Amino acid sequence: MIESLIESVLAFWAWFPDWSQVGLINLGLIVAIVVPLLLCVAYLTFAERKLIGYMQVRIGPNRVGPRGWLQPIADALKLLLKEIIIPANANKFLFVIAPVLVITPALVAWSAIPFTDTLVLANIDASLLFILAVTSMGVYGVIVAGWASNSKYAFLGSLRSAAQIVAYEIAMGFALVGVLMAAESLNLREIVLRQQGGFHQWYVLPLFPLFLVYFISGVAETNRAPFDVAEGESEIVAGFHVEYSGMTFAIFFLAEYANMILIATLVAIMFLGGWLSPVDGLIPETWVAVPIVGALLDSGIHWLLLKTGFFLFCFLWFRATFPRYRYDQIMRLGWKVFIPVTLVWIAVLGAAMQTPFGYLFH
Amino acid sequence: MIFEQIVFYFFAVVLLFAASMVITIRNPVKAALFLVLAFFTAASLWILLEAEFLAITLVLVYAGAVMVLFLFVIMMLDINLLRLREGFGEYLPIGGIVAVLLVIEMAIILGPRHFGLQKIAAPAGHPASYSNTKELGRVLYIDYVYPFEIAAFILLIAIIAAIALTLRRRKDTKYQDPRQQVRVQRSDRVRLVKMPAEKKP
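Residues numbered from 1 in each chain as written. Chains lettered and ligands numbered in written order. Predicted model: local features only at pLDDT ≥ 70, side-chain atom pairs only at ≥ 80, totals over all residues. Heavy atoms only, no water.

Summarise the overall build of chain A; cite the residues concerned and give the values.
Across its full length, chain A holds 15 helices and zero strands. Taken against the 2.2 N^0.38 rule, which gives 21 Å for 362 residues, the C-alpha radius of gyration of chain A at 22 Å falls within 12% of a compact globule. In terms of its C-alpha atoms, chain A occupies a principal-axis envelope of roughly 65 × 65 × 45 Å. When the 362 residues of chain A are sorted by exposure, 49% land in the buried category. Long-range pairs, those at least 24 residues apart, make up 77% of the contacts in chain A between residues at least 6 apart in sequence. (Helix = DSSP H or I, 4+ residues; strand = E, 2+ residues; numbered from the N terminus. Rg over C-alpha atoms; globule rule 2.2 N^0.38 Å. Buried < 20%, exposed > 50% of the residue type's maximum accessible area, 1.4 Å probe, protein only. Contact = heavy atoms within 4.5 Å.)

This is the structure we're talking about:
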């Protein structure tokens with residue numbers, strides 16, 4: 001009975017031409033990445049409200065569903081049902097397409113992320129550069145949204161955001177130069193595999209300044225507190241998305257959180273050994289054979305999720321802790337502090353690799 | 001092969017459309033956005049040519065950084081289209097001559113006589129493991145290291161010159177020094193004065 005069912009499914013599968021089989025498999029893989037990602041986004045908003053609530057000695061949302069667990073679902077439903085208002089004299093086409101321009105790069109970048117040694121949608125040679133290039137396109141959505149809205153506040157917000165993203169992208173790119181010098185590869189999978197052999201091999205130790213610069217630039221790139229002057233509700237209401245309502249607003253929101261998860265994952269991959277276990281290669285082989293503990297200690301996707309979760313927690317923690325930066329100070333930090341720091345550390349790295357101590361940086 | 005051709009023609013059509021929109025559309029912001037689309041599509045075409053490093057760099061540098069700054073400036077300008085079009089007829093003959101000359105020159109150099117299909121053999125395809133980046137690095141940093149360094153040096157000088165030419169210190173700017181702000185003490189700002197209480201007469 002079951003065999004005949006499998007056979008008929010296989011026959012149905014073989015009926016598709018070859019090229020469409022490849023397309024269908026990739027489509028399935030894309031769905032398998034995007035759906036959990038969107039669920040993560042939904043529950044990240046919930047985690048944010050809860051965590052910041054606890055940090056401020058409040059309870060946070062606790063009314064919808066058991067302990068408030070259905071809150072993000074309710075929020076999504078509410079936003080879906082709301083009317084999308086297009087302001088008078090706004091450029092309709094650009095106004096509607098701006099959220100699409102923001103969410104697309106935020107999702108496309110995930111295609112090159114290696115979740116484990118084999119679990120990667122597109123293992124391309126220059127995946128690090130690819131992600132940097134794709135995420136740099138996200139700024140257009142913000143600029144177009146601000147310009148098309150035909151509103152002063154939105155326009156000011158988008159100008160702030162554009163200047164900020166361009167400034168911090170340079171520091172981010174330089175931090176990545178250090179990583180690719182150490183790994184001698186632009187491929188994210190290779191970068192992780194180069195960090196094998198326990199937590200002391202992770203790049204966070206030799207590249208500590210670059211790690212700090214990259215993570216803080218990541219916070220600035222995603223327009224999160226304390227660098228959220230693009231929204232700056234005390235000065236320009238809500239910045240570039242002040243005119244957006246309903247689902248168009250929700251998509252900006254979604255993209256921001258998807259970008260947060262992306263940055264956290266990238267930091268985990270490039271500086272903390274991605275899916276590698278911290279005791280990888282340090283514990284005897286026999287321990288790995290122990291049923292449950294062994295599987296947990298062994299390298300796997302759970303380590304990547306754990307490290308990503310830690311950095312996401314940091315994102316929320318920052319928001320609850322730091323007051324917003326003043327705009328000129330953001331620019332000063334980006335141009336006058338981070339870029340020199342990364343340049344100096346790249347020079348140190350390059351010089352150290354020529355000495356007998358070069359192995360420390362590989 | 002047919003799939004590759006469909007992809008090529010799709011991108012080629014989009015590229016031509018975007019490029020012609022850049023020069024015909026009235027609104028400068030929209031023109032800049034079409035230029036971004038043109039860069040992006042050109043990058044896609046380069047990927048078809050197996051030049052993925054160059055394609056990604058094109059998106060990263062031109063679409064991701066240069067055009068953002070460009071848009072940034074254009075959006076803040078209040079461009080009066082009527083005034084821009086005032087001298088159109090006046091400049092048309094000179095502009096037309098320059099354009100025609102350019103086209104003739106390009107036709108002479110880039111024509112099929114030098115770049116025809118039979119002149120240049122089709123490059124062999126490479127396996128998926130072939131690293132474009134590594135090959136490019138090898139050529140740039142080993143075969144052409146001196147020209148590359150000289151070009152880099154000239155660019156550096158150009159950057160410094162551009163900054164030096166435009167840098168001007170204004171006397172009236174309210175510049176804040178964060179170091180000073182952080183180091184400020186209470187005694188710098190507040191002066192405690194001891195005064196005897198006034199007695200009612």
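Please give an account of the overall build of chain B that cites residues and values.
From N to C terminus, chain B includes 10 helices and zero strands. In terms of overall size, chain B is more extended than a compact globule, its C-alpha atoms giving a radius of gyration of 29 Å where 201 residues would be expected to give roughly 17 Å. Its C-alpha atoms put chain B at 110 × 55 × 35 Å along the principal axes. Here chain B holds 201 residues, and 17% of them are scored as buried. For chain B, long-range pairs separated by at least 24 residues make up 54% of all intrachain contacts whose partners lie at least 6 apart in sequence. About 17100 Å² of surface is accessible on chain B, with carbon and sulfur atoms providing 68% of the total. (Areas by Shrake-Rupley, 256 points an atom, 1.4 Å probe, with all protein chains shown as cover.)

Which residues make up the environment of glycine 95 of chain B, and what values do they have?
For glycine 95 of chain B, the location among the structural elements is in helix H5 (residues 88-110). When the C-alpha positions of glycine 95 of chain B and methionine 106 of chain B are compared, they lie 17 Å apart, and in sequence the two are 11 residues distant.

Please give an account of the nonpolar core that cites residues and values.
Residues Tyr140, Tyr214, Met270 and Phe271 of chain A are the most contacted members of the largest nonpolar core, which totals 115 residues. Look past the residues within four positions of methionine 270 of chain A in its chain and what remains in contact with it is Leu128, Leu176, Val179, Leu188, Ile191, Gln195, Tyr203 and Tyr214 of chain A. (Core = buried A, V, L, I, M, F, W, Y, C linked by side-chain atoms within 4.5 Å.)

Which residues make up the packing of aromatic side chains, and what values go with them?
All names here are of chain A. Counted according to the given criterion, the structure contains 24 aromatic pairs over all chains. Taking the centre distance of 6.0 Å and the plane angle of 45 degrees together, the rings of tyrosine 214 and phenylalanine 271 count as tilted. One end of the pair, tyrosine 214, is in helix H9 (residues 208-221); the other, phenylalanine 271, is in helix H11 (residues 246-271), with 57 residues separating them in the sequence. Ring plane angle 70 degrees and centroid distance 5.3 Å describe the contact between phenylalanine 310 and phenylalanine 311, whose orientation is recorded as edge-to-face. Overall, phenylalanine 311 belongs to the buried group, its relative accessible area being 3%. Within the aromatic cluster, the residues linked to one another by ring pairs are Phe208, Phe211, Tyr214, Phe215, Phe271, Phe310, Phe311, Phe315, Phe318 and Phe322. (Phe/Tyr/Trp six-rings, centres within 6.5 Å; stacked < 30°, edge-to-face > 60°.)

Hey, could you go over the domain arrangement of chain B for me, with residue numbers and the actual values?
Per the domain assignment, the segments making up chain B are domain 1 (1-80), domain 2 (89-118) and domain 3 (131-166). For domain 1 of chain B versus domain 2 of chain B, the separation of C-alpha centres amounts to 23 Å. (Domains from an automatic or database assignment.)

Can you tell me about a positive patch on the surface, naming the residues and giving the values?
A grouping of Arg332 and Lys336 of chain A together with Arg169, Arg179 and Arg183 of chain B is seen on the molecular surface, where their side chains present a positively charged patch. Assignment of secondary structure puts arginine 179 of chain B in helix H9 (residues 178-183). (Patch = residues over 30% accessible without salt bridge, like charges linked within 9 Å, V, L, I, M, F, W, Y side chains within 5 Å. Salt bridge = Lys/Arg side-chain N within 4 Å of Asp/Glu carboxyl O. Lys, Arg positive; Asp, Glu negative; His and termini not counted. Charge placed at Lys NZ, Arg CZ, Asp CG, Glu CD.)

Outline the packing of helix H4 (residues 92-108) of chain A against helix H6 (residues 138-148) of chain A, listing residues and values.
Residues and elements named next belong to chain A. Viewed as axis vectors pointing N to C, H4 and H6 meet at an angle of 160 degrees, and their least axial separation amounts to 7 Å. Taken together, H4 and H6 sit at an angle that is classed as roughly antiparallel. Judged by the sense of rotation from one axis to the other, the crossing of H4 with H6 is left-handed. Only Gly138, Gly141, Val142, Val144, Ala145, Trp147 and Ala148 of H6 make contact with H4, whose side of the interface consists of Leu94, Phe95, Ala98, Leu101, Val102 and Pro105. Classifying every residue of the contact of H4 with H6 gives 11 nonpolar, two polar and no charged. (Axes fitted to C-alpha atoms, helices over the stretch in contact; angles between N-to-C directions. Parallel < 35°, antiparallel > 145°, perpendicular 65-115°, else oblique. Left-handed = near helix turned anticlockwise from the far one by under 90°. Nonpolar A, V, L, I, M, F, W, Y, C, P; charged D, E, K, R; others polar.)

Account for unusual backbone geometry, naming residues and giving values.
The phi dihedral of arginine 67 of chain A falls on the positive side, at around 55 degrees, and the residue is not glycine. The residue arginine 67 of chain A is located in the loop between helix H2 (18-55) and helix H3 (71-81) in this model.

Explain a nonpolar patch on the surface residue by residue, including any values.
All names here are of chain B. Nonpolar side chains collect at one region of the surface, where Ile94, Val98, Val100, Leu102, Ile104, Met106, Ile108, Ile109, Leu110, Phe115 and Ile120 lie side by side and expose about 1100 Å² of accessible area between them. Examining the composition of the nonpolar patch, we find that nine residues originate from one element, H5, more than from any other. As for its placement among the helices and strands, valine 100 is situated in helix H5.

So, the side chain of serine 158 of chain A: which residues are in play, and what are the values?
On the secondary structure map, serine 158 of chain A appears in helix H7 (residues 152-183). Look at serine 158 of chain A and you get buried, because its relative accessible area is 0%. Looking at serine 158 of chain A, its side chain comes within polar contact range of the main-chain oxygen of phenylalanine 155 of chain A, at 2.9 Å. Once you skip the residues sitting within four places of it in the chain, serine 158 of chain A turns out to touch Val142, Ile143, Gly146, Trp147 and Phe240 of chain A together with Met75 of chain B. (Polar contact = N/O pair within 3.5 Å; in protein donor to acceptor, adjacent residues only side chain to side chain.)

For the pattern of salt bridges, give the residues involved together with the corresponding values.
Here the structure, examined in full by the defined rule, presents seven salt bridges over all chains. Here the salt bridges do not stand alone but share partners, grouping Glu48, Arg224, Glu256 and Arg319 of chain A into one network.

Account for H2 of chain A, with residues named and values stated.
All names here are of chain A. Compared with the 56 Å implied by 1.5 Å per residue over 38 residues, the 55 Å span of H2 between its first and last C-alpha is a close match. Taken together, the buried positions of H2 are Ser20, Gln21, Ile33, Leu37, Val41, Leu44, Thr45, Phe46, Glu48, Lys50, Ile52 and Gly53. The inward-facing, buried residues of H2 contact helix H1 (2-15), H3, H4, H11 and helix H14 (301-321). Backbone geometry just after H2 places valine 57 at a positive phi near 55 degrees. (Expected span 1.5 Å × (residues − 1).)

Mind laying out the interface of chain A and chain B, listing which residues take part and the relevant values?
Counting residues at the interface gives 28 residues for chain A, matched by 28 residues for chain B. Between chain A and chain B, roughly 2300 Å² of surface is buried when both sides are summed, and carbon and sulfur atoms account for 75% of that area. For the interface between chain A and chain B, the tally reads zero salt bridges. Remark: the boundary between chain A and chain B carries one residue pair in polar contact (both at pLDDT 80 or more). Where the side of chain A that touches chain B is concerned, the elements lending two or more residues are helix H5 (127-136), H6, H7 and helix H15 (327-353) of chain A. The element best represented in the side of chain A that touches chain B is H7 of chain A, accounting for seven residues. (Buried area = accessible area lost by both parts, 1.4 Å probe.)

Now, about the state of the cysteines: what can you tell me, with residues and values included?
Residues and elements named next belong to chain A. For the structure on display, the rule yields zero disulfides over all chains. Cysteine 314 forms no disulfide, and the closest cysteine sulfur to it belongs to cysteine 40, at a distance of 17 Å. On the basis of relative accessibility, which here comes to 8%, the residue cysteine 314 falls in the buried class. (Disulfide = S-S within 2.5 Å.)

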